[in-house]
Structure formats: C-alpha cells, structure tokens
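The chain contents come next:
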Amino acid sequence: MSAAPTPPAAYRVWWEEIERCAGLSGDFDRVEWYEVPGSSYSCPAHEGRCDGWWRSPHTIYMAQGRLYDRRLAEHEMLHDLLQRGDHPPVFQACGV
Ligand SMILES: [Zn+2]
C-alpha cells in the first residue's frame, strides 16, 4: 500500500462535478488518497475484492490500474460527501 502524496489533478474537477450533481459540498483537501498496486486488491468490502474503497471518515484507496477511471473516483468521492458506505439512489442518479 503506497501513499499518493497528491491525487491526480483531474480529481479536483471530478470532485466539483460530483458535488454539483449530488447538491452537496465537501472539502476535497480533507480526503486522504492511497494508490494500491494492480487493478484490484483485497479489502474488507465487496466480497473481498476492490478497485476503489472509501473508508470513514476521509480515506479513499484506488487501484493503480483504475486511477483515471472517472466514474470509479467519483463513486468513492460521493461516499465521502455523503459520509456513508451504502448506496442511496443518488449514486444511480449521478451515474456513478
Ligand atoms: Zn460504493
């Protein structure tokens, strides 16, 4: 597990997009990003395999191979904005 000291620049734009869609606002800089080698990794959620995973309160793990997957990144961002790990209808409404 390696820390990504600064998330990809595109993430700020994506953050604003998902904020706008969900009608929520949150502080992008409070999120701690980690990059995990490979295209998926073992994790305690999703039957043990993840490509992205949000951990309360503000940590997001992204598989390296999916780092620039906008949909996946925005999905995990939405967990952070909502501060919940389940998937209320807003996920589907925003297409993530
Ligand atoms: Zn999710």
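Residues numbered from 1 in each chain as written. Predicted model: local features only at pLDDT ≥ 70, side-chain atom pairs only at ≥ 80, totals over all residues. Heavy atoms only, no water.

Draft legend 1. Representation of the coordination of the zinc ion in the model. Protein ligation of the zinc ion involves His 75 (NE2), His 79 (NE2) and His 87 (NE2), the donor distances falling in the range 2.0 to 2.1 Å. Donor residues for the zinc ion, ordered by position in the chain, follow H-x3-H-x7-H. (Donors = N, O, S within 2.8 Å, 3.2 Å for Na, K, Ca; no water.)

Draft legend 2. Summary view of the environment of Ala 73. Residue placement: Ala 73 occurs in helix 2 (residues 70-82). Along the chain, Ala 73 and Tyr 11 lie 62 residues apart, while their C-alpha atoms are 7.6 Å from each other. (Helix = DSSP H or I, 4+ residues; strand = E, 2+ residues; numbered from the N terminus.)

Draft legend 3. Geometry of unusual backbone geometry. Looking along the chain, the bond that leaves Ser 56 and enters Pro 57 is cis, with omega of 0 degrees. Position of Pro 57 relative to the elements: it lies in the loop between strand 5 (52-55) and strand 6 (59-63). If you check the backbone angles, Gln 83 has positive phi at about 55 degrees while not being a glycine. Within the secondary structure layout, Gln 83 lies in the loop between helix 2 and helix 3 (90-93). Exposure remark for Gln 83: the relative accessible area of 35% places this residue in the partly exposed category. (Buried < 20%, exposed > 50% of the residue type's maximum accessible area, 1.4 Å probe, protein only.)

Draft legend 4. Summary view of the packing of helix 1 (residues 10-22) against helix 2. Contact geometry of helix 1 with helix 2 gives a least axis separation of 9 Å together with a crossing angle of 60 degrees. The pairing of helix 1 with helix 2 is recorded here as oblique in orientation. Read as a crossing pair, helix 1 and helix 2 show a hand that is right-handed. Residues Tyr 11, Trp 14, Trp 15, Glu 17, Ile 18, Glu 19 and Ala 22 of helix 1 pack against Arg 70, Ala 73, Glu 74, Met 77, Leu 78, Asp 80 and Leu 81 of helix 2. Its residues placed into classes, the contact of helix 1 with helix 2 shows nine nonpolar, no polar and five charged. (Axes fitted to C-alpha atoms, helices over the stretch in contact; angles between N-to-C directions. Parallel < 35°, antiparallel > 145°, perpendicular 65-115°, else oblique. Left-handed = near helix turned anticlockwise from the far one by under 90°. Contact = heavy atoms within 4.5 Å. Nonpolar A, V, L, I, M, F, W, Y, C, P; charged D, E, K, R; others polar.)

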